[in-house]
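If you want the building blocks of each chain, they are given just below.
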Amino acid sequence: MPERSGPGFRRRVGPPSRRARVALLTLGVLAVLFLLFVMFAGFWTDWLWFRSVHYSSVFTTQLWTKTGLFAVFGLLMTAIVGFNIWLAHRLRPPLSAMSVEQQSLDRYRAGLAPFKRWALIGISLVIGLVAGAAASGQWRTWLMWTNATSFGEKDAQFGMDVSFYAFDLPFYEFVLGFAFSAVIVSLLTSALVHYLYGGLRLQGPGRRASAGAQGHLAVLLGVFVLLKAVAYWLDRYALAVKTGTYKGVTGWTGLRYVDANAFLPAKTILFFVAIICAVLFFLTPVRRTWAPALIGLGLMVLSAVLIGGLYPAIVQQFQVKPNEQAKETPYIQKNIDATRQAYGIADSQTTPYTPQGATNGEALKPDAQTIADVRLVDPNVVSPVLQTLEQQRNYYAFPNTLDVDRYGSGSGKQDTVIGLRELDLNGVQRNWINDHFKYTHGYGAVVAKGNQVDTTGQPVLTESGLPTSGTLGPYEQRIYYGEKTTTYSIVGGSNKEIDYPDVKKGVNVETTYEGGSGVSLDNPLTRAAYAVRFTEPQILYSGAITDGAKVIYNRTPKERVEKVAPWLSIDADPYPVVMDKHVVWVVDGYTTSDGFPFSSKTTLGTATKDSLTNQRGEPLAVAGQVNYIRNSVKATVDAYTGEVTLYQWDEKDPVLKTWMKAFPGTVEPKAAIPASLVPHLRYPQDMFKVQRDLLGQYHVTDSNTFFNGTDVWQVPVDPTSNTKQVQPPYYVTVRMPDAAKAGFSLTSTLVPTDRPNLAAFMAVNSDPGDDYGRIRLLKMTGESGAPGPGLVQSKFNSRKEVAQQITLLQSGDSVLEYGNLLTLPVGGGLLNVEPVYVRGRGAKYPTMQKVLAVYGDDNVAFENTLEDALKKLFGDGTPPVTPVAPAASSQGAPTSPTAPGTTPTSPATPGPTSPATPTPGGTISPELAKALSDAEKAYNDSQTAFKNGDWVAYGTAQKALGDALKAAEAARGGGSAQTPGGPPPATPAPGGSPSPHA
């Protein structure tokens, strides 16, 4: 017969064939296995990473804590809900009433009958899984509760130790929330089962609820109301950490008059009302009537409205408002004391200060060190200079913001700007081998003096080149872990990595990683897991991965510390330190809490934001708000090995002690900090920014003054930036008026709210020692009229002679960039100094060309050098700026010359003949003569290149100059007749340039 077909014909579709069923089943099984392996890969690779960094206990503690909470609370929720569903089914009436409603439900009952047991288990398990997952997220709350450490301080209202609010109360609230969830879910599911099986009816004659349903639901409601009574009792203590807005403080925390005299007694009364109401619900199954329980519930709701809402409003309106200051000041004082204690500002010292408008050389003598160490090199501006002159290859880069540290010892210790030459894969031909096998690390640190610039306005480098050489001596220069290193690398085995370019030989030096860090890829299962983790199948089969190869990842210092110490908040600005022949990153860690009673809360991400936030790194971020913070941990990350070490810094912090008990053995004692690292530790910026933000209001310690709100400060907007964000703090060496000598400090200015004049100068000692962390505030007296940063900048720009020179500097499409505006107390007044940088047309980086300085109201200077500016301000009695250093830096590294218009404080770059200029009667060997000739040519070439803005040629010429100088030095030591003692340094010609004459 012919096959039937056509538009009206529908082919009969039967069940799939056996082959199709097998294929579908196979695909389903494979999909499930793949999902399970993806989950396993995340777990397995995390375990391997923690084991590789020797913090496996952190992983296991988190794992078992989360697993335990998931199991206990998940099973508890499953049991509670399952029992109530079972009980509701057990209490169903034997016969359902005949009604349309029940006839409709009969179909559902009949359909569910064969699957009742599975439905009970399935629903209970699903609800239990959700509850267990939520509970596992509370692992921090559990660990803090089980390992709680006493603060040794009691709150001002209830006399409870602060640890109750920080560790106990959050756990009690979590358990209470879980109990509420269990009762509510049980109530809903039980009501549904009772309805399904006729225990509850919406239609028909007779009782709407059977006796069994009534008793079951009444008991559940009684438990709910009983939990509400517990909540009322805990709410009494929660008033001590209640947050609101008061007197301009958005995070105001603690009880006020109405809380202590209305809400607190109201919560106590409601506690007893709720207990009575719960008893009435429990009696409902006995009395077989809802009336008493519902009346009690109504009275409880009415009491909550009247006692918990209306009564406090009446107290506020008729008792507090007519005499608010008298009523509130005792509670304001509690808030002031607690806030200052919780943020570590209780010991801050405030000193009245009336800055002088003029001074003399005698008054300036005690501040000679402050003046000599004025930082002209702005680490936030000069990064492009290093990027151009010291990048060396496109696959290297420096951070946008360099770091400030101290190097040297004794009188030779000085502020230093440092940056690491890190790997930048944007400068290579991108492919999998290059990205992960060949280009794996950066190389070397570049260091500049903070208070000096050379003839061209560039930083004076004391460590430079590739490999670097200079004052730091030998150290491991390979940078495998850094702020810009965000991708994984596969190292070790027989893999040869690009180490650094050898310019002389024209080849790349290669290396094989021997740092010991990383996870071995010898196991095929491990390779498969990492192929899934990094979504890169080549990891599974690539022949480039040889025996002994390891994968290194999580390579930024902040990321590594956050992972091994998940209970810490990390400062946004890790900084490198060269010590003990290694480069290590120093990372500041904070312990925080939101449970310090009466201490006002702050949002750390907001308090730490300033004009450099996007340039420096992500702001300090903690979920929600906190009202307690301590810089409790100093962590180090080795830039070569990746080794992470946590050191206890605050030995009194109870929050840190709690976490140390929860994760034993993870934090080293303070005494274990290497002696070579201690001089480089500094007060962290994010901590300082939080404290200065709080001190804007909490510098006031008198409750009456605080209530009036007449002395509120704020951080000024940065006048040198277009971001409209507040001014960042600055690391400087400064002597405070009450100190015997200058010290390395972190400083900031504060201005009155919505006013431009200066309110206070704030500084914290940043040198480790007895005085470390001491906050000093110089509070401007009312008659001082000292200008704030905005007014200082206006003084600079409004001066006619300054404006004219600025116009000249900006001619020819040049761009003016203002450096950090430093405010320093010297000579009984305030000295403001600001370096001015100019970026020429087509130039890749700015150079410092001028120095702005102002002292008092009218003393303004805009000069080529800091020394000239200070002489204009103070006359010839100005303490000397750092004297001119020898012509060549240590280890033969050449430095640039002191030039016209710049600070003559740097080591002068020698002229072509300066390294070996003979004294009268001396002779010069042919080798020395050739070296001098080469040096002269290289020097002239570099000057020409600089004037033309050809930075590639400039760098080549500088390299040639360095080589020539080394050759000259070698020739001198090789037998040329010289006057004993060696040649003198180059004699600066008029204007500051070295003489070109031999």
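Residues numbered from 1 in each chain as written. Predicted model: local features only at pLDDT ≥ 70, side-chain atom pairs only at ≥ 80, totals over all residues. Heavy atoms only, no water.

Colleague: Hey, could you run me through helix α21 (residues 685-698) in this one?
Modeller: Residues spaced three or four apart along an α-helix point in a common direction, a consequence of the helix completing one turn every 3.6 residues. Taking 1.5 Å per residue as the helical rise, α21 with its 14 residues ought to reach 20 Å, and the 19 Å between its terminal C-alpha atoms agrees with that figure. Most of α21 sits inside the fold, with 13 of its 14 residues counted as buried. (Helix = DSSP H or I, 4+ residues; strand = E, 2+ residues; numbered from the N terminus. Expected span 1.5 Å × (residues − 1). Buried < 20%, exposed > 50% of the residue type's maximum accessible area, 1.4 Å probe, protein only.)

Colleague: Mind showing me how you'd approach the confidence of the model for the protein here?
Modeller: For residues with low pLDDT, the predicted coordinates do not support detailed interpretation. The predicted model of the protein has a mean per-residue pLDDT of 84, with 87% of residues at 70 or higher. Within the model, the stretch residues 883-923 combines pLDDT values under 50 with 127 contacts to residues more than four positions away or in other chains. A low-confidence stretch, residues 974-998 (pLDDT under 50), is modelled with 47 contacts involving residues beyond four sequence positions or located in other chains. (pLDDT = per-residue confidence, 0-100. Contact = heavy atoms within 4.5 Å.)

Colleague: Can you walk me through the sheet that holds strand β10 (residues 459-464) in this structure?
Modeller: To summarise the sheet geometry, strands pair through backbone hydrogen bonds and adopt either a parallel or an antiparallel arrangement. Overall, antiparallel pairing links the five strands, which are arranged β5-β6-β9-β10-β11 in an open sheet. Every other strand in the sheet has two partners, leaving β5 (403-407) and β11 (469-470) as the edge strands with one partner each. The pairing of strand β6 (residues 414-420) with strand β9 (residues 445-453) spans five bridges and is classified as antiparallel. Considered in β9, the bridge of I418 is made with V447. (Pairing = 2+ DSSP bridges.)

Colleague: Which parts of the structure should I look at to understand the pairing of strand β32 (residues 847-855)?
Modeller: Where a strand is regular, its side chains alternate between the two sheet faces. Of all nine residues making up β32, eight are buried, and the element is well covered by its neighbours. In terms of strand pairing, strand β31 (residues 829-839) meets β32 through eight bridges, oriented antiparallel. Paired with V838 across the bridge in β32 is T847. In this structure, β32 lies alongside strand β33 (residues 859-863), joined through five bridges in antiparallel fashion. Each residue of the ladder has a partner; that of Y855, found in β33, is N859. Counted along the chain from β32 to the antiparallel partner β33, the turn is three residues long, and its residue G856 has a positive phi close to 75 degrees.

Colleague: Could you clarify how one ought to interpret the packing of helix α8 (residues 257-287) against helix α10 (residues 324-342) in this entry?
Modeller: When two helices pack together, their arrangement is given by the angle between their axes and by how far apart the axes lie. The geometry of α8 relative to α10 is characterised by a closest axis approach of 8 Å and an angle of 95 degrees between their N-to-C directions. If you check the angle between α8 and α10, you find them roughly perpendicular. Contacts between α8 and α10 involve Y257, A260 and N261 from the former and K327, E328 and Y331 from the latter. (Axes fitted to C-alpha atoms, helices over the stretch in contact; angles between N-to-C directions. Parallel < 35°, antiparallel > 145°, perpendicular 65-115°, else oblique.)

Colleague: Sorry, what's going on with the nonpolar core here?
Modeller: General note: in soluble globular proteins, nonpolar side chains tend to be found buried as a group. Judged by nonpolar contacts, the single largest core of 146 residues is most densely connected at I490, Y530, V551, W567, L646 and W659. Take this core: its biggest share by element is 15 residues, from helix α6 (residues 162-196). Leaving out residues up to four positions away in the same chain, L646 has contacts with Y55, V561, A565, V633, K634, A635, T666, V667 and E668. (Core = buried A, V, L, I, M, F, W, Y, C linked by side-chain atoms within 4.5 Å.)

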